[in-house]
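Chain residues, written in single-letter form:
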Amino acid sequence: MADHGACGKGEPTCGAVSMTGRWRVMPALLALVLALAWSGLLGAWHLAGRATVLDRLEAPLLDLRFNLAGPRPAPDDIVIVAIDDATVAQSGIYPLPRSTVTALVDTIARYRPRAIGLDLLFFDKGADAADRALAAALERSGTIIAAAALFARGPDAALRDRRHGDIPVAARVLWPNDVIAGDAPVGLVNIATDNGGTPRHVPLLVRGSADLLPSFALLLAARAAEAEPVFEGDEVRLGTTASGVDLGRHLPLRFYGPRGTISTVPAEQILHDERLAGQLAGKIVIIGTTAIGTGDTFATPYDPVLPGVEVLATAVGHLLAGDGLVRGEAIRRIDVAAAAAVAVLAALVLSLAPWGIGIGVVVLTAAAWLAVAIAAFAHGIWLSAALPLAAMAPVIPIAIAGRQITDRLAQRRLTLAKQALALFQPPALASLIAADPHFLAEPRTQPAAVLFVDLSGFTLLSERLGPAATRTFLKDFHGLVSDVVTAHGGVVMNYMGDGAMSVFGLPEPAPADAANALAAAGAAIIEVRRWLATRPECGPGSIDLRAGVHCGEVVFSRLGASDHQHITVAGDSVNVASRLLEVAKQARAALVASDDVIAAAGAAAADTDIFEDRRTVTIRGRRQPLAVRFRWVRT
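The rules behind the values
- Residues numbered from 1 in each chain as written.
- Predicted model: local features only at pLDDT ≥ 70, side-chain atom pairs only at ≥ 80, totals over all residues.
- Heavy atoms only, no water.
- Helix = DSSP H or I, 4+ residues; strand = E, 2+ residues; numbered from the N terminus.
- Buried < 20%, exposed > 50% of the residue type's maximum accessible area, 1.4 Å probe, protein only.
- Areas by Shrake-Rupley, 256 points an atom, 1.4 Å probe, with all protein chains shown as cover.
- Expected span 1.5 Å × (residues − 1).
- Axes fitted to C-alpha atoms, helices over the stretch in contact; angles between N-to-C directions.
- Left-handed = near helix turned anticlockwise from the far one by under 90°.
- Contact = heavy atoms within 4.5 Å.
- Nonpolar A, V, L, I, M, F, W, Y, C, P; charged D, E, K, R; others polar.
- Pairing = 2+ DSSP bridges.
- Arc of directions from axis to C-beta.
- Core = buried A, V, L, I, M, F, W, Y, C linked by side-chain atoms within 4.5 Å.

## Describing the overall build of the protein
And then number 1: When its secondary structure is counted, the protein shows 19 helices and 27 strands.
And then number 2: A burial count over the protein gives 49% of its 635 residues as buried.
And then number 3: Per element, the accessible surface of the protein, about 29,100 Å² overall, is 58% carbon and sulfur.

## Here we look at helix α17 (residues 513–533)
And then number 1: Over its 21 residues, α17 runs 30 Å from end to end, which matches the ideal 30 Å to within 8%, given 1.5 Å per residue.
And then number 2: A large share of α17 lies buried, amounting to 15 of its 21 residues.

## Re the packing of helix α16 (residues 467–487) against α17
Helix-helix packing is described using two parameters, namely the angle between the two axes and the distance between the axes.
And then number 1: Where α16 contacts α17, the axes come no closer than 9 Å and their chain directions differ by 145°. Between α16 and α17 lies a crossing of right-handed hand. On α17, the residues touching F473, D476, F477, L480 and V484 of α16 are A520, A523, A524, E527, V528, W531 and L532.
And then number 2: Here the contact of α16 with α17 is composed, by residue class, of 10 nonpolar, no polar and two charged.

## Side note on the sheet that holds strand β9 (residues 199–203)
And then number 1: Pairing in this open sheet of three strands is antiparallel, and the strands run β8-β9-β15 from one edge to the other. Among the strands making up the open sheet, the edge pair consists of β8 (192–193) and β15 (250–252).
And then number 2: The strands that helix α9 (residues 308–321) touches are β9 and β15; relative to β15, the one it contacts most, it runs at about 90°.

## A few points about helix α18 (residues 572–587)
And then number 1: Relative to the 22 Å expected for 16 residues at 1.5 Å per residue, α18 spans 22 Å between its end C-alpha atoms, a close match to the ideal helical length.
And then number 2: Burial in α18 covers these residues: S573, V574, V576, A577, L580, L581, V583 and A584. The arc that holds the buried residues of α18, viewed along the axis, is 165°, so those residues lie on one side. The exposed set on the far side of α18, more than 90 degrees from its buried face, consists of K585 and Q586.

## Looking at the nonpolar core
And then number 1: Counting residues in hydrophobic clusters, the biggest one holds 47 residues, and the most contacted among them are L204, F216, L220, I286, V316 and L319.
And then number 2: No other element matches the eight residues that α9 contributes to this core.
And then number 3: Look past the residues within four positions of F216 in its chain and what remains in contact with it is G117, L118, D119, I144, I145, A146, G187, L188, V189, I286 and L312.
And then number 4: Of all hydrophobic cores here, the second largest spans 41 residues; its members include V485, A500, A523 and L591.

Scope: geometric values only; no functional claims are made or implied.
This is how it looks when you write it as structure tokens:
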């Protein structure tokens, strides 16, 4: 019979197997397109610095990296002179009187620090004399003073100056009043926070109404370094020290530790013991508020109430030491490439690889990227942990759903293929071929028992019945033979008109094959005779079943072209079993079995009363005679 589900020798797939591969390719391609499109969209937003929900995921992952890395030593040349709770209590008022701030600046300046920054806003007017005195102290000391930019909300919140590297554009600026500002350098004390309020960047430049406005930290660091800041690509350089900057000239913050990590001296102690001011000689001094009640605090990974002045001091430390985080366009491009790579990998392995391998690869890839992000952070590089994970997120369920649909379709096609194959091959062979398309790609020699049956008197019957009725008659007859043979462990290999050839011992030989063949022959005679008795077209004695049984070595193989083959059984044992039908016809016997098959059946054939005669007969085409047993009596 034609083996429509089998492949030729050396062909890796065919039929249902190759169709399964084609069905898997389409959802894999769809998942791949989704992975590229989604990761591309996220990547474009990431490169543009667009605020997205990913920032909410990145923030805790970044804090995790801070906590794993732990605090670092702060620069020892930066000192915060803190307007703390004790100072406010001593003064009895907040904000501190102008005269107190003036005295503080003059006291610090007498000991020649490298630079002084005053992180206090004086946009409201005070008494003329007090403002002029403070302005004079600021001018004498060269102190950097503070201003604050206000940014628009709503559609204009993300305004950028494209001509100067996408720096943010201020809606307006809260300047110190004209008297205090005088000729003092003014820097912006703005700090960029994430959605949770944690400081992440300090904008080094902001576009004002007409000019580019520097940050307080940048001016103070430049004064201390005695160098003009130079922006080059993803860096800002002060003399020989370079610090990485992010999009829009933002300086990423890498916190040193909790509150007080940067050396801090209470302002009240400086005012009451001038000798302490001597410790500030050659230092970079930042005067700012640390009092809890003032509200100028931020939550960081190391401290829930880090004073804003300490955040600015951290930025100054980065600019002078170059020890901040590296996160610019180049790093963001690495993030985007990693996001695309892991999304594509997830799409392919979940669509094409075995389930266990696919899920394992996805989990290991996610874990590996987190490990890479953590290791990079330890060296001051801020890779996005969230972007690659987010790029994988929608791809995973889509790929899994596509895989499930594909597997179900493939299983359905395989089932249909098996069903179609079973119409042309015995069920046992159909299952073997479906499971292994290379079944019997190489011929195999083994022992087997062979049973041939046919109907005596069928030619006259078919002449009376005509073609249509004959087909129906044979279909019923073949079905009956198949049921009997299958029930006894055999396989019907061929239907030949009113006959059939069956084999016992396929796919693997067994000791009971000969006994099963004899039992099947006897059962077939009984069942067919019962069936014939129910057929009105079959008169008594006009038609009967003949059977021939033999056993020995046979060859199982495939015959035919690579795209159209037959599973066949051949050999002398097959020829002998076929010739025994001729012997049965000549002797008008119902069953002829060789002594070989009876001997092979052993104890199962010990009762030889079912055979009525034993003879030695000549087999056409063979030189040696063969001892056989006969059965004539009807049941």
